[in-house]
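Commentary on secondary and tertiary structure
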Amino acid sequence: MDRDKKIINTSIIGIIVNLILVAFKATIGILVNSIAITLDAVNNLTDALSSIITIIGTKLAGRAPDKDHPYGYGRIEYFSSVIIAVIILWAGLTALQESFPKIFAPDVTGYTTVSLIIIAVAVVVKFVLGRYVKGIGEDINSQALVASGSDAFFDSILSLSTLVAAIISLIWNISLEGILGVIIAIVIIKASIEMLQETVNSMIGSRIDSELSLKIKDKINSFDKVHGSYDLVLHNYGPEQSIGSVHIEVDDTLTAKQIHVLSNMISGTIYDDLV
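Residues numbered from 1 in each chain as written. Predicted model: local features only at pLDDT ≥ 70, side-chain atom pairs only at ≥ 80, totals over all residues. Heavy atoms only, no water.

Mapping Arg3 onto the fold places it in helix H1 (residues 3–31). A polar contact of 2.9 Å, which involves the side chain of Arg3, links it to the backbone oxygen of Ile140. Residue contacts for Arg3: discarding those within four places in its chain leaves Glu77, Ile140, Asn141, Ser142, Pro239 and Glu240. (Helix = DSSP H or I, 4+ residues; strand = E, 2+ residues; numbered from the N terminus. Polar contact = N/O pair within 3.5 Å; in protein donor to acceptor, adjacent residues only side chain to side chain. Contact = heavy atoms within 4.5 Å.)

Here's what the structure looks like:
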C-alpha cells in the first residue's frame, strides 16, 4: 500500500471512531449537563473534520506534475495542515469563551454509572487511536497524521481528567466543570498554535536537518573520485519530495562524460539509500 492510501485509510478510521465518540459524548454531556463532556465531544468533531481535510489535501497533493507545476503539488499538504490548525484554534477559543463563566456560576451535573463508563471507554479508545495514527504517521513521514495521533493521545488524557472531575463531583459534590473546561480550551489553543507554527515553518523553508545533511555528504564523499562536497542546498516541495544541489570537488583530469556518469551514480545512491 502506497503512502497516500495509508494516509487516507488511517484518516477514515479516525473519522469513524471520532464520530462515534461525538455521538456518545454529546448525548451524555447534554443528559448530565456537563460542559466538559460536551466540549470534549466538540473536540472529537473537529478531529473528524481534520481527518476529512487531511484526505482532501492528500488527494490534491498526489496529483502528477504538470507544465505549470513541474515539481508537483506536494506542498498542498502544508495548506491543509494550516486549515486544520485554524479549525482547532477556533474550537479552543470557543471552548474558552463557554467555559470561563462556568467557573463562577457552575451548573449542576448529574453523572450516572453509564456516563462514567462511556467516558472511561472513550479514554481507552482515544489512547489506542492516538498510538495507532501516530505510529502510521511516523512510518510514512506524514506530519498531519503524527499531529492527529498526538492530539488523539492527548485527548485521552483530557478525557481522563474529565472522569476524575466527575468522580470528585459525585463523592464530594464539588463542581470542577468550569475549571476543567478552561484547561481543555487552553490545551487546544496551545496545540493549534504549535501546529500552525510548525506548518508555516515548513512552508517558508526551514533549515535543513543537520543529521540529514551529514548523511548526504558522507554518501557523496564515499565515492573514490570525490575529494569533497560543499554548499549543499535542499528545497522542500512537500513532505516526500526534496530537490537539491551540491558542489563536489573532483580531479581536473575528469572528462565531462565521466563527471556526468559520476553525478548520476551519486544521485542514484543517495536516492536509494536515503529516500
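After that view of the structure, there is still more to cover.
Under the 1.5 Å per step criterion, the end-to-end length of helix H6 (residues 177–204) is 40 Å for 28 residues, consistent within 8% with the ideal 40 Å. Looking one or two residues beyond H6, the residue adopting positive phi is Gly205, at roughly 115°. (Expected span 1.5 Å × (residues − 1).)

This next bit is on the packing of helix H3 (residues 76–104) against H6. One can describe the packing of H3 onto H6 by two numbers: an axis separation of 7 Å at closest approach and a directional angle of 160°. By the criterion of interaxial angle, the relationship of H3 to H6 is roughly antiparallel. Crossing geometry of H3 relative to H6 is assigned as left-handed. Looking at the contact of H3 with H6 residue by residue, the classes come out as 21 nonpolar, eight polar and one charged. (Axes fitted to C-alpha atoms, helices over the stretch in contact; angles between N-to-C directions. Parallel < 35°, antiparallel > 145°, perpendicular 65-115°, else oblique. Left-handed = near helix turned anticlockwise from the far one by under 90°. Nonpolar A, V, L, I, M, F, W, Y, C, P; charged D, E, K, R; others polar.)

For the rest of this paragraph, the subject is the nonpolar core. Counting ten residues, the largest nonpolar core is built from Ile53, Ile84, Ala85, Ile87, Ile88, Ala165, Leu180, Ile184, Ile188 and Met195. Contributing elements (two or more residues each) for this core: H3 and H6. Those residues in contact with Ile188, other than ones at most four positions away along the chain, are Asn43, Ile88 and Gly92. Residues Ile220, Phe223, Leu232 and Ile270 belong to the second largest nonpolar core, which totals eight residues. (Core = buried A, V, L, I, M, F, W, Y, C linked by side-chain atoms within 4.5 Å. Buried < 20%, exposed > 50% of the residue type's maximum accessible area, 1.4 Å probe, protein only.)

So, on to the environment of Ala61. By the secondary structure assignment, Ala61 is in helix H2 (residues 35–61). Those residues in contact with Ala61 that sit more than four places away from it in its chain are Tyr73, Gly74, Ile76 and Glu77.

Glancing now at the pairing of strand S1 (residues 228–236). Sheet topology places S1 next to strand S2 (residues 242–249); seven bridges connect them, and they run antiparallel. In the sheet register, Leu234 faces S2, and the bridge partner there is Gly244. Hairpin connection, S1 to S2: the antiparallel pair is bridged by five residues, and Gly238 has positive phi, about 135°. (Pairing = 2+ DSSP bridges.)

Okay, unusual backbone geometry next. One non-glycine residue, Asp231, adopts positive backbone phi at about 55°. For Asp231, the position within the fold is in strand S1. Judged by its relative accessible area of 51%, Asp231 falls in the exposed class.

The subject of this paragraph is a nonpolar patch on the surface. A cluster of nonpolar side chains, namely Val124, Phe127, Val128, Phe153, Phe154 and Ile157, defines an oily patch on the protein surface of about 510 Å² accessible area. Elements supplying a minimum of two residues to the nonpolar patch: helix H4 (113–140) and helix H5 (143–172). Residue placement: Val128 occurs in helix H4. (Patch = residues over 30% accessible without salt bridge, like charges linked within 9 Å, V, L, I, M, F, W, Y side chains within 5 Å. Areas by Shrake-Rupley, 256 points an atom, 1.4 Å probe, with all protein chains shown as cover. Salt bridge = Lys/Arg side-chain N within 4 Å of Asp/Glu carboxyl O.)

Within the secondary structure, Lys126 is located in helix H4. According to the relative accessible area criterion, Lys126 is buried, its value standing at 0%. With near-sequence residues (within four places) excluded, Lys126 lies in contact with Asn18, Leu21, Asn44, Asp47, Ala152, Phe153, Asp155 and Ser156.

So, on to the layout of surface pockets. A volume near 260 Å³ is recorded for the second largest pocket. Surrounding the second largest pocket, 15 residues form its lining, Asp4, Ala61, Gly62, Gly74 and Glu240 being those nearest its centre. Split by residue class, the lining of the second largest pocket holds five nonpolar, five polar and five charged. (1 Å grid on protein atoms, 1.4 Å probe; cavity = no way out; pocket = protein on both sides within 12 Å on 5 of 7 lines; lining within 4 Å. Points joined across faces, edges and corners; volume = space filled by probe spheres on them.)

This brings us to H4. If you check H4, its first and last C-alpha atoms are 41 Å apart, about what 28 residues at 1.5 Å a residue would give, namely 40 Å. Of the residues trailing H4, Asn141 is marked for its positive phi of about 60°.

On to the pattern of salt bridges, then. Counted under the stated rule, the structure contains three salt bridges. Across the salt bridge formed by Glu194 and Lys190, the nearest N and O atoms sit 2.5 Å from each other. Taken as a pair, Glu194 and Lys190 lie in helix H6 at a separation of four residues, close to a single helical turn. You can call Glu194 partly exposed: its relative accessible area is 41%. In this structure, the salt-bridge partner of Lys215 is Glu211, at a minimum N-O distance of 3.7 Å. Of this pair, Lys215 and Glu211 are both found in helix H7 (residues 210–221), four residues apart, which corresponds to roughly one turn of the helix. Residue classification places Glu211 among the partly exposed residues on the basis of a relative accessible area of 48%.

For the protein, the mean per-residue pLDDT works out to 81, and 95% of the residues sit at or above 70. The least confident element of the protein is H5, whose mean pLDDT is 75; the most confident is helix H8 (residues 256–274), at 86. (pLDDT = per-residue confidence, 0-100.)

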